[in-house]
Amino acid sequence: MLPENFELLLNGLKELNIKNCDSAAEVLSEYADILEETNQKFNLLGNVTQRDIVVKHILDSLSGAQYICGMKNVLDIGTGAGFPGVPLAVCCPEIHFTLADATEKKVNFIKETAQKLNIKGITAIAGRAEELAHGKMREKYDACVSRAVASLNKLSEYCIPFVKCGGILLAYKGPLVFDEVNDADFAINALGAKTEAIRQVNVPYLDAERNFVIIRKVKVTPALYPRKNALIKNKPLSK
Ligand code: SAH
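Residues numbered from 1 in each chain as written. Predicted model: local features only at pLDDT ≥ 70, side-chain atom pairs only at ≥ 80, totals over all residues. Heavy atoms only, no water.

(A) Region of interest: the pattern of salt bridges. This structure, assessed with the given rule, holds 9 salt bridges. Here Asp-142 ties to Lys-164 by a salt bridge, and the two come within 2.9 Å at their closest N and O atoms. A residue pair is termed long-range when its members are at least 10 positions apart, and Asp-142 in strand 4 (residues 141-147) and Lys-164 in strand 5 (residues 163-173) qualify at 22 residues. Among the residues examined, Asp-142 registers a relative accessible area of 15% and is labelled buried. Lys-164 sits in the partly exposed class, given a relative accessible area of 32%. (Salt bridge = Lys/Arg side-chain N within 4 Å of Asp/Glu carboxyl O. Helix = DSSP H or I, 4+ residues; strand = E, 2+ residues; numbered from the N terminus. Buried < 20%, exposed > 50% of the residue type's maximum accessible area, 1.4 Å probe, protein only.)

Encoded structure:
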């Protein structure tokens, strides 16, 4: 990685109050190198610069670390090339992370990369959220995190079934967060949860509005959810 981007990464980690910044920056810069190299072979991230990988992907992912601090097990739904799950696993080694994605190729990339970088706290699993949520992963996680997967009404149906009662869905969102929360209100309630907070965060060096929605699970999700994907997509839960 170019020295100026490593500097950005390290300073960003410090600004986000990440512990053991120096060793985390080493691992994350190797991860960025692997991503850049793999992106040339098969398209993981689209057209990105090294600086984009550091700021838009790694630091953006880590801006959510503050909300899962102290938890034991966290699920990342639709992790893609490993966001936010991989940076979170590097910087929160006390938490076990399960990273799930519908695309097997991406999951294999994460398995290989976690092994190469010797990141211990990652299990990667291939599967669709709406199918996995009816199996043994249901209601097992302290938190489910998710970034850039679906609008909040659909995302809630994918993710809330995995969360334990008392746990949270932590959704990474952009500037349209209030509209999304309004549209998802019915779904969130039907799934046994409540919107607890919307928090705007400052991602170091990123010139864009970033928000988190914290959705707290208050009761068991009815067994019929999540429905089949065609229904989730075409008839999102609403009044
Ligand atoms: N979270 C990553 C990737 C976002 S792209 C990031 O922020 O960079 C969306 C990813 O979600 C894709 O990799 C896609 O395969 C996955 N995905 C979409 N719907 C899914 C579902 N129902 N279950 C599991 N993965 C899903």
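That shown, we press on.
(B) Expanded view of unusual backbone geometry. Phe-83 connects to Pro-84 through a cis peptide bond whose omega is 5°. Along the polypeptide, Pro-84 turns up in the loop between strand 1 (73-77) and helix 4 (85-91). In this structure, Pro-226 follows Tyr-225 across a cis peptide bond, with omega equal to -5°. Position of Pro-226 among the secondary structure elements: in the loop between strand 7 (210-217) and helix 9 (229-234). A positive phi angle, near 45°, is found at Asn-20, a position not held by glycine. Relative to the elements of secondary structure, Asn-20 occurs in the loop between helix 1 (3-15) and helix 2 (21-41). Its identity as a non-glycine residue notwithstanding, Asn-118 has a phi of 55°, on the positive side. A relative accessible area of 52% places Asn-118 in the exposed class.

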